[in-house]
Amino acid sequence: MNIDFNKNQDGLVPAIIQDVSTKKVLMLGYMNEEAFLKTNETKKVTFFSRSKDRLWTKGEDSGNFLNLVDIKNDCDNDTLLISVIPQGPTCHKGTDTCWGEDNEPNFGFLSNLEGIIEKRKRMSEVEPELREDKKSYVVSLFDEGINKIAQKVGEEAVETVIEAKDDNDELFLNESADLLFHYLILLQAKGFSLKDISKVLEERHR
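Residues numbered from 1 in each chain as written. Predicted model: local features only at pLDDT ≥ 70, side-chain atom pairs only at ≥ 80, totals over all residues. Heavy atoms only, no water.

- The chain appears in an unreviewed UniProt entry as Histidine biosynthesis bifunctional protein HisIE from Salegentibacter flavus.
- Among the UniProt annotations of the chain, the heading Subcellular location (unreviewed entry) holds the following wording: "Cytoplasm". (UniProt positions renumbered as here; feature names shortened; annotations may be inferred.)

Quick look at the structure:
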């Protein structure tokens, strides 16, 4: 790995720390060549602390180590992206990240969709006359209960299988989207989310 530690007068390069599973950025630190070599040797992320003016292994006092998975350098060879498995909270203030965010997986638009479904679920717990959207399809499913939701998932699964045997890709994708949408509703009805399913799959992978 060709890292230009001499680009800056202090011999330091920024090191962006990212959770290998959730892809959340946990913190930003700085490394000199010695810190980089020690990180690779010990598999514990080590920085050069500008305030302490010495090498500093994250977690050396708290026990909240950053276990090294992978290191990449950018196109200019002067910034590092370090994938880790965090051992406890990363920030010295006790939060998961130095931006005060929870280190939870994010599935892009699907996570946004889960948030909408969760909102509809809460709406179904309100008296009908007090609801913001009185014609919500998702709310109506929650009103009918778990059996109806499970039935819809079964129906959409059958329709997806039927379309899988045909050559119409557009219909197959649409039925697949319907299946996934109703499955997300079923997960919410059971009190779970995609991150719970992801956790099961990760444990199986190990």
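Next, the rest of the story.
1. Considering the UniProt feature "domain: Phosphoribosyl-AMP cyclohydrolase" (unreviewed entry) in the chain
Right, so step 1: Mapped onto this structure's residue numbering, the UniProt feature "domain: Phosphoribosyl-AMP cyclohydrolase" (unreviewed entry) falls at residues 27-99.
Right, so step 2: Along residues 27-99, the helical share is 14% and the strand share 38%, with 8 Å between the first and last C-alpha atoms. (Helix = DSSP H or I, 4+ residues; strand = E, 2+ residues; numbered from the N terminus.)

2. Examining the nonpolar core
Right, so step 1: Among the nonpolar cores identified, the biggest contains 21 residues, and Ile-17, Met-31, Val-45, Phe-47, Leu-66, Leu-80 and Ile-82 are the most heavily contacted of them.
Right, so step 2: Those elements giving two or more residues to this core turn out to be strand E1 (13-19), strand E2 (25-31), helix H1 (33-42), strand E3 (46-49), strand E5 (66-73) and strand E6 (80-86).
Right, so step 3: Residues contacting Ile-17, with those up to four places away along its chain left out, are Lys-24, Val-25, Leu-26, Met-27, Val-45, Phe-47, Leu-66, Ile-82 and Val-84.
Right, so step 4: The next biggest cluster of nonpolar side chains, apart from the first, holds 12 residues, and it includes Phe-142, Ile-185, Leu-186 and Leu-194. (Core = buried A, V, L, I, M, F, W, Y, C linked by side-chain atoms within 4.5 Å. Buried < 20%, exposed > 50% of the residue type's maximum accessible area, 1.4 Å probe, protein only. Contact = heavy atoms within 4.5 Å.)

3. Section: the packing of helix H3 (residues 137-144) against helix H4 (residues 146-164)
Right, so step 1: For the pair H3 and H4, the least separation of the axes is 5 Å and the interaxial angle reads 120 degrees. The angle between the axes of H3 and H4 places the two elements in the oblique class. Here H3 contributes Tyr-137, Leu-141, Phe-142 and Glu-144 to the contact with H4, which in turn contributes Ile-146, Lys-148, Ile-149 and Lys-152.
Right, so step 2: In terms of residue class, the contact of H3 with H4 is made up of five nonpolar, no polar and three charged. (Axes fitted to C-alpha atoms, helices over the stretch in contact; angles between N-to-C directions. Parallel < 35°, antiparallel > 145°, perpendicular 65-115°, else oblique. Nonpolar A, V, L, I, M, F, W, Y, C, P; charged D, E, K, R; others polar.)

4. Quick word on unusual backbone geometry
Right, so step 1: With phi around 65 degrees, Lys-43 is a residue other than glycine that occupies positive phi space.
Right, so step 2: Tracing the backbone through its elements, the reader meets Lys-43 in the loop between H1 and E3.
Right, so step 3: A positive phi angle, near 60 degrees, is found at Asn-77, a position not held by glycine.

5. A short note on the domain arrangement of the chain
Right, so step 1: On domain assignment, one finds that the chain holds domain 1 (13-86) and domain 2 (109-205).
Right, so step 2: Each of domain 1 and domain 2 has a C-alpha centre, and the two are 40 Å apart. (Domains from an automatic or database assignment.)

6. Topic: the packing of aromatic side chains
Right, so step 1: Tallied over the entire structure, the rule returns two aromatic pairs.
Right, so step 2: Judged by centre distance (6.2 Å) and plane angle (55 degrees), the rings of Phe-5 and Phe-36 are tilted. On the criterion of sequence distance, the pair formed by Phe-5 in the segment before E1 and Phe-36 in helix H1 is long-range, its members being 31 residues apart. The same class applies to Phe-5 and to Phe-36, which are both buried.
Right, so step 3: When the ring centre of Phe-65 is taken as reference, the NZ or CZ atom of Lys-44 above it lies at 5.0 Å.
Right, so step 4: A cation over a ring is seen here: Lys-52 above Trp-56, with NZ or CZ 5.3 Å from the ring centre. (Phe/Tyr/Trp six-rings, centres within 6.5 Å; stacked < 30°, edge-to-face > 60°. Lys NZ or Arg CZ within 6 Å of the ring centre and 35° of its normal.)

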